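Observations on the model geometry
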Amino acid sequence: MKIKEFDFGFENCEVIKFNGEDANSFYLGRICSTIHQFRKDWATERKTTEDVAIVLEPTANTKEHQSSFGINYGDKRDMPFNRITFYDDITSIGITFLNDDGTETQEEYYPIYEDADYNGEENKCQLSYVTNKGYLILLINKDIAENRDKILKSLEEDYYWLFNDENE
């Protein structure tokens, strides 16, 4: 099984899709499923994740991957990495898996979300950063809400291979 494509859903209902090859690394952890039955004939399952660590390749930052709204802000938010880093508001991560037998399976995961203000438009638990080599680092977890500045300062140490040219 491999990731064929994935998308990020945002607080304002925008969606940005990427190919599986666009991910340098992709991790969703501490996944929990909840099932709600609202009526005798209707139940839903919701999968949440408390730990997201995704690194996107610089080549994924193209207009091909613009948001579903196709909004032309007339500024740097038109590029996908800029949109992702402009607002910390990812509310869902959809994944299309390509199974070994050639069939596709779709899953949707909802990252932990703590409102940064009364509007609920941004997530205190999300940190998005573009390295000097053009990689996008996306982290979502509770530690970010509590230690955002410390985690931001440690990114270069924790993800050194995305910053340094020593091994090239």
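Residues numbered from 1 in each chain as written. Predicted model: local features only at pLDDT ≥ 70, side-chain atom pairs only at ≥ 80, totals over all residues. Heavy atoms only, no water.

On to the pairing of strand β6 (residues 104–111). When strand β4 (residues 42–56) meets β6, the two strands line up parallel, connected through three bridges. Residue Thr49 lies in a different strand from β6, and its bridge partner there is Pro111. Sheet analysis places strand β5 (residues 90–98) next to β6, joined by six bridges and oriented antiparallel. Within the sheet, the bridge partner assigned to Leu98 lies in β6 and is Glu104. Between β5 and β6, which pair antiparallel and follow one another directly, the connecting turn spans five residues, one of which, Gly102, has a positive phi of 90 degrees. (Pairing = 2+ DSSP bridges. Helix = DSSP H or I, 4+ residues; strand = E, 2+ residues; numbered from the N terminus.)

Here we take up the nonpolar core. Phe8, Phe18, Ile54, Leu56, Ile84, Ile90 and Ile93 are the most contacted members of the largest nonpolar core, which has 23 residues in total. Residue contributions to this core peak at four residues, all from β5. Contact partners of Ile84, with chain neighbours within four places excluded, come to Phe8, Phe10, Ile16, Phe18, Ile90, Gln126, Ser128 and Leu136. If you look at the next biggest cluster of nonpolar residues, it comprises 12 residues, including Ile151, Tyr159, Leu162 and Phe163. (Core = buried A, V, L, I, M, F, W, Y, C linked by side-chain atoms within 4.5 Å. Buried < 20%, exposed > 50% of the residue type's maximum accessible area, 1.4 Å probe, protein only. Contact = heavy atoms within 4.5 Å.)

Another aspect to go through is the environment of Tyr129. Checked against the element boundaries, Tyr129 lands in strand β7 (residues 126–130). Sequence separation between Tyr129 and Leu139 is 10 residues; the distance between their C-alpha atoms is 8.8 Å. Ignoring sequence-local partners within four residues, the contact set of Tyr129 consists of Thr85, Tyr135, Leu136, Ile137, Leu152, Leu155 and Phe163.

Let's shift gears to the pattern of salt bridges. Going through the model one piece at a time under the given rule, you end up with 10 salt bridges. Across the pair Asp89 and Arg83 runs a salt bridge whose closest N-O atoms are separated by 3.0 Å. A relative accessible area of 3% means that Asp89 is categorised as buried. Here Lys124 and Glu114 are joined by a salt bridge, their closest N and O atoms 4.0 Å apart. Taken together, the positions of Lys124 in the loop between β6 and β7 and Glu114 in the loop between β6 and β7 put the pair 10 residues apart, joining distant regions of the chain. Through salt bridges that share partners, Glu14, Arg83 and Asp89 make up one connected network. (Salt bridge = Lys/Arg side-chain N within 4 Å of Asp/Glu carboxyl O.)

Position of Asn147 relative to the elements: it lies in helix α2 (residues 142–158). Exposure remark for Asn147: the relative accessible area of 34% places this residue in the partly exposed category. On a C-alpha basis, the gap between Asn147 and Cys125 in space is 9.6 Å, while along the polypeptide they are 22 residues apart.

Taking 1.5 Å as the rise per residue, α2 with 17 residues should run 24 Å; its terminal C-alpha atoms sit only 17 Å apart, a clear shortfall. Arg148 marks where α2 bends most, by close to 100 degrees. Taken as a whole, α2 has its buried residues at Ile144, Ile151 and Leu155. You can read the cap of α2 off the contacts: a side-chain oxygen lies 3.0 Å from the backbone nitrogen of Asp143, and it is on Asn141. (Expected span 1.5 Å × (residues − 1). Bend = angle between axes of the 7 residues up to and from the residue. Polar contact = N/O pair within 3.5 Å; in protein donor to acceptor, adjacent residues only side chain to side chain.)

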